[in-house]
Each structure stands twice: as structure tokens, then as C-alpha cells.
Amino acid sequence: MSAHRVAASLPRIGVTIGHTPQKLKTGGIEPSRRARLEVLRRIVTRTVREERVELKWNRAVEARPYVERLIQLGVERGPLDEYTAEMMEWWLPEKDLITKMHEVIVPRFQNRDSPFTSLFRLPPQRLQQFIQNKREVWKRYDIGVLEIDGNPFPAIQAAHQEQSDSILDVLLADALRNHQITLQEKLEASTESK
């Protein structure tokens, strides 16, 4: 009867979960359901170790809910829960990463709601796949960055600044600046005359 243990349910994770499983082929691993989990396990382990990873977009989308759930288990149940310990041991085979998860990552999110991760899409990369009959074959990959929030790295997206180099925008900005200077001078002149 130990297979029918009852675990308290967790709230939904704050990220969307894709309805269609992504193709996660990897060289050296025979395609199967277990292989799919092994690929996801490697990605989750790498994400916890590095806190920001650059992957193919489909892998980043597929791995994000697993990282979210691990962090949520740590936040909601803590390190002493049996189910949490079992999940951490399976998804993070390196013991130092379990310690990092409980001592570094989980305390970061104690007073915060999910999502605990961010996912960014980078411009596609064109990589040489192979050379066949003196002909190069290239493939385009969509790249994503999966990161745990609050990591020590600089932000991926800088603060959005409205800068345009079109001549119209430059002229309008200059005219607005001149108008503000004129108004400021008039205001100073009126206060001096009083």
C-alpha cells in the first residue's frame, strides 16, 4: 500500500505548460519516454547549477515547468518533507545541488509568488549541421534562455529606452528640448520681475 501514498496537493505553478510534448532528441540516448525524462533531468540539473542556461527553445519551454515545480516544492513543503526530498534526489543527482536548492534558491522565494523562472527568446542561430559531398548543410535553431529569477547575472533585457535614429524623431526631440528651455527661461524671468 506504500504505492498509494496521499500527498497534499500543491497550488498550480505560475507558468504555462505546453500541451504538446516537444521533441528532445539527443545523441547517445535511445529515443523513449525514459530518455525524454533523462534529457529533462540534465536540463533541470544544469539550470539549478548555473541558474541561467542557453538552450534550444523547445527544450527551454519543456524544462521550465519542472524547474518551477522543484522550487515550489521547496518553498511550500520545505526540505524535511519526504516527497520533496525524493523529487530533489531524482531531479538533482548531485548532492551539492540539493543543498544549493534548499539554502540558496528556495530562501530567495519564501515571500514571493510564482513564477520563479524567466524564459527569454533570443534571435535564431544558424549552425553548420554537417558537410556532405563538399556541400555544407546549415540549420537554424531558435534559442531560449531559461533562468532562475534573482540570479547574480546581469539582466537579459535592459530597461527599455525610447531611442530612434530616424531624422523625424531626432528633430522632434530637439524641438521639444528647445521648447522646454524657452519655457524655463520665461518662468525664471517672471519670478525675477516680481
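For the structure given in this document, a descriptive report is provided here. (Residues numbered from 1 in each chain as written. Predicted model: local features only at pLDDT ≥ 70, side-chain atom pairs only at ≥ 80, totals over all residues. Heavy atoms only, no water.)

Observations regarding a nonpolar patch on the surface
A contiguous nonpolar surface patch, about 450 Å² in accessible area, is contributed by Ile167, Leu168, Leu171 and Leu172. With respect to the helices and strands, the residue Leu168 is situated in helix H5 (residues 167–193). By relative accessible area, Leu168 is classed as exposed at 55%. (Patch = residues over 30% accessible without salt bridge, like charges linked within 9 Å, V, L, I, M, F, W, Y side chains within 5 Å. Areas by Shrake-Rupley, 256 points an atom, 1.4 Å probe, with all protein chains shown as cover. Salt bridge = Lys/Arg side-chain N within 4 Å of Asp/Glu carboxyl O. Helix = DSSP H or I, 4+ residues; strand = E, 2+ residues; numbered from the N terminus. Buried < 20%, exposed > 50% of the residue type's maximum accessible area, 1.4 Å probe, protein only.)

A look at the environment of Gln125
Mapping Gln125 onto the fold places it in strand E2 (residues 117–132). Accessibility expressed as a relative area gives 33% for Gln125, which makes it partly exposed. Along the chain, Gln125 and Ile143 lie 18 residues apart, while their C-alpha atoms are 7.0 Å from each other. Sequence-distant contacts of Gln125, that is, excluding residues within four places in its chain, are made with Glu54, Lys139, Arg140, Tyr141 and Ile143. (Contact = heavy atoms within 4.5 Å.)

A short note on the pattern of salt bridges
On inspection of all chains with the given rule, the structure shows eleven salt bridges. The shortest N-O distance in the salt bridge between Glu50 and Arg46 comes to 3.6 Å. In this pair, Glu50 and Arg46 both sit in helix H1 (residues 33–50), four residues apart, roughly one turn of the helix. The network of salt bridges with common partners includes Glu51, Lys100 and Arg108.

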